[in-house]
Amino acid sequence: MTIKPFDFYRTPKLMFGAGRVKELGQIAAQYGSHVLVVTGGDSLDRTGYWKRCEESLNQASVRFRRYRFSGEPSPDLVDTAVMEFAPLSLDAVVAIGGGSVIDCGKAIAAMLPLREPVMPYLEGVATKIHPGRTLPFIAVPTTAGTGSEATKNAVISQVGKKGFKKSLRHDHFTPVCAIVDPEMTLTCPPQVTAACGMDALTQILESYVSPRASPFTDALALSGIEHIRSALLPAATDRGDDIDLRASLAYAAFLSGVTLANAGLGIIHGLAAPLGGLVEIPHGIVCATLLAEACRLNIRRIRELRGPEDIMLFKYARVGRVLSREPHADIATACNLLLERLDEWTETLSIPRLGHFGVTESDLDDLALQAGQKTNPVKLEIEDIKTILRARL
């Protein structure tokens, strides 16, 4: 079998396993004695996980300042942090939290050496090219979804009619270390677990059927899908305290970051950016609510435009066989099994519709026009994209 040329970007040093967060101080001390720790609101304190991190840093004689915020990182929030902490001569930045916290920490680490506003460096609005100078950045995820602990970009948001979600991106922004401790996700609420898990599945599936996929990313994607298959529903319903299930989701989430960074994403993430700029909607909910409908539309268009034996249908079918545990299903049947399983999960996990967050029919034209689909497995028309959105209003 011929393997086409492909690139594979640097990944962080991965420290995976229950209890590994106790080694945070030891890792941070490798980069200096004074760090900034970025966290979310109060959930880290309420769960007791912050105390573990604090003790680890203190035991390693690492001095730290803590920066707390809620919501998603905006340009103003990043700029405020840079202005506040730039005079401190920090040695590294640590982010402990969900995807938004890790993105915020990553952006702060990247902008502290420049001491400039972040907006001119964002993709889509950029007037400047970031030189790649950044403080060493350590990521400690407390959710299993975005894979930001494995990627080279930070998503920055501004919500409103002229809102946006744009990336600050450079090869050097990949964390130097990701401490993926599934114990840190044990108290993650069911709804958040469901949305994050579906986000990870979306990222893995979209990168698997991307035209930029390689045998390397395919192998990682299939491994992640197998772990999500058995873990997502019980972890998001009645077995959230099962460390093995949490470990499977945390592992899959990290893989989703690796595969998306190397193979790209499709129409779902192409819509996530304009949707997240328009209304306050969690990124994981966008992915979860659109996943089944986007796969349904993609499969239909591939069949119509390329025929029933197209390689992308084979790949969708392979995912269907894994998720349904029907290894001998033919391509058409396996694709249908995939859609049935995604519909079932969307319903069982009570994934909200877009209308719940204020998206209306009048928004569909603008959303469809803004949607990116450069690594979608098939070219979609504007009406196709509106069909996906309309099905989940």
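Our subject is the structure listed above.
One structure accompanies this document, and this report is about it. Each chain has its residues counted from 1, running along the sequence as written. Local features in this predicted model are restricted to residues of pLDDT 70 or higher, and side-chain atom pairs are both shown and tallied only at a pLDDT of 80 or more, whereas totals for entire chains, interfaces and linings draw on every residue. To obtain the side-chain values, all non-hydrogen atoms of the structure were used and water was disregarded.

## Regarding the overall build of the protein
This is how it is decided: Helix and strand assignments follow DSSP, with helices taken as H or I runs no shorter than four residues and strands as E runs no shorter than two, numbered in order from the N terminus. Two things to know: the radius of gyration comes from C-alpha atoms, and the globule rule equals 2.2 Å times the number of residues to the power 0.38. To sort residues, take the accessible area from a 1.4 Å probe on protein chains only and compare it with the maximum for the residue type: under 20% means buried, over 50% means exposed, and anything in between is partly exposed. Residue burial considers only the protein chains on display, and all accessible areas are found by Shrake-Rupley using a 1.4 Å probe.
Counting its regular elements, the protein contains 14 helices and 8 strands. For a compact globule of 393 residues, the expected C-alpha radius of gyration is about 21 Å, and the protein comes in at 20 Å, within 12% of that figure. Dimensions of the protein, computed from C-alpha atoms along their principal axes, come out at roughly 60 × 45 × 45 Å. Across the 393 residues of the protein, 59% fall into the buried class. Of the roughly 16,100 Å² of accessible surface on the protein, 51% is carried by carbon and sulfur atoms.

## Brief notes about the pairing of strand β6 (residues 153–158)
Let me state the cut-off plainly: Pairing between strands requires that DSSP locate at least two bridges from one strand to the other.
Pairing between β6 and strand β7 (residues 164–169): 6 bridges, direction antiparallel. In the strand pairing of β7, Ile156 is matched with Lys166. Hairpin connection of β6 to β7: 5 residues between the antiparallel strands, including Gly160 at a positive phi of 145°.

## Section: the pattern of salt bridges
What counts, and what does not: A carboxyl oxygen of Asp or Glu within 4 Å of a side-chain nitrogen of Lys or Arg is what we treat as a salt bridge.
Per the stated rule, a full pass over the model turns up 21 salt bridges. Residues Glu23 and Arg20 are paired through a salt bridge, measuring 2.5 Å at the closest nitrogen-oxygen approach. Owing to a relative accessible area of 26%, Arg20 belongs among the partly exposed residues under this scheme. For Glu304, the salt bridge identified is with Arg301, shortest N-O distance 2.3 Å. Residue Glu304 and its partner Arg301 are located together in helix α10 (residues 283–306), separated by 3 residues, close to a single helical turn. Among the charged side chains, a network of salt bridges with common partners joins Asp45, Arg66 and Arg68.

## As for the sheet that holds strand β1 (residues 13–16)
Stated formally: Note on method: axes are straight lines fitted to C-alpha atoms, helices fitted across the in-contact stretch only, with angles between N-to-C directions ranging 0 to 180 degrees. Whether two residues touch is decided by their heavy atoms; if any such pair falls within 4.5 Å, the residues are in contact.
Here we have 6 strands laid out as an open sheet, ordered β1-β8-β5-β4-β2-β3, and parallel in their pairing. Sheet topology places β1 and β3 (63–68) at the edges, where each strand pairs with a single neighbour. Here the strands of the sheet are splayed against their neighbours by 20° on average, with no regard to which way each runs. With 4 bridges joining them, β1 and strand β8 (residues 177–180) adopt parallel strand pairing. Paired with Lys13 across the two strands is Cys177, which belongs to β8. The sheet contacts of helix α3 (residues 49–59) involve β2 (34–39), β3 and β4 (92–97), and relative to β3 the element is tilted by about 155°. Running over the sheet, helix α8 (residues 243–263) touches β1 and β8 and is turned about 170° from β1.

## Focus on unusual backbone geometry
Of note in this structure, Ser89 is not a glycine but carries a positive phi near 55°. Within the secondary structure, Ser89 sits in the loop between α4 (75–85) and β4. The residue Ser350 is not glycine, and still its phi comes out positive at about 55°.

## Examining the packing of aromatic side chains
Stated precisely, the cut-off is as follows: Aromatic pairs are defined between Phe, Tyr and Trp rings, using the six-membered ring for Trp, whenever the two ring centres lie within 6.5 Å; interplanar angles under 30 degrees are classed as stacked, those over 60 as edge-to-face, and all others as tilted. Look at NZ for Lys and CZ for Arg. If either is within 6 Å of the ring centre and within 35 degrees of the ring normal, a charge sits over the ring.
Enumeration over the complete set of coordinates arrives at 4 aromatic pairs. On the basis of an interplanar angle of 75° and a centroid distance of 5.6 Å, the ring pair of Tyr67 and Phe85 is categorised as edge-to-face. One end of the pair, Tyr67, is in strand β3; the other, Phe85, is in helix α4, with 18 residues separating them in the sequence. Comparing Tyr67 with Phe85, the two get one shared label, buried. A cation sits over an aromatic face here: Lys152 above Tyr9, 3.5 Å from the ring centre. Taking NZ or CZ as reference, Lys315 lies 4.5 Å from the ring centre of Tyr208, over its face.

## A look at the environment of Gly40
Within the secondary structure, Gly40 sits in the loop between β2 and α2 (43–46). Look at Gly40 and you get buried, because its relative accessible area is 18%. Residues Gly40 and Ala144 lie 104 residues apart in sequence; the distance between their C-alpha atoms is 15 Å. Excluding its chain neighbours within four sequence positions, the residues that come into contact with Gly40 are Arg68, Phe69, Ile96 and Val101.

## What about a nonpolar patch on the surface?
Formally: For patch detection, residues must exceed 30% relative accessible area and be free of salt bridges, and they are connected within 9 Å for like charges or within 5 Å for nonpolar side chains (Val, Leu, Ile, Met, Phe, Trp, Tyr).
Judged by side-chain polarity, Met1, Ile3, Phe6 and Phe216 come together as a nonpolar surface patch covering roughly 490 Å² of accessible area. Secondary-structure assignment places Phe216 in helix α7 (residues 215–235). Overall, Phe216 belongs to the partly exposed group, its relative accessible area being 40%.

## Observations regarding the side chain of Thr202
When you line up the elements, Thr202 lands in helix α6 (residues 190–208). Judged by its relative accessible area of 0%, Thr202 falls in the buried class. If we ignore the near neighbours within four places in the chain, the residues touching Thr202 are Ile268, His269, Cys287 and Leu291.

## Thoughts on helix α11 (residues 311–324)
The criterion, for reference: For a helix, the expected span equals 1.5 Å multiplied by the residue count minus one. We define a polar contact as two N or O atoms separated by no more than 3.5 Å, with the added condition that, inside protein, one atom must be a possible hydrogen donor and the other a possible acceptor, whereas residues neighbouring each other in sequence contribute only through side-chain atom pairs.
With 14 residues, α11 ought to run about 20 Å at 1.5 Å a step, and its terminal C-alpha atoms sit 20 Å apart, in line with that. For α11, the tally of buried residues reaches 11 of 14 residues, placing the bulk of the element in the interior. Listed in full, the buried residues belonging to α11 are Met312, Leu313, Lys315, Tyr316, Ala317, Val319, Gly320, Arg321, Val322, Leu323 and Ser324. Of the surrounding secondary structure, the elements contacted by the buried residues of α11 are α6, α7, α10 and α12 (331–348). You can read the cap of α11 off the contacts: a side-chain oxygen lies 2.9 Å from the backbone nitrogen of Met312, and it is on Asp310.

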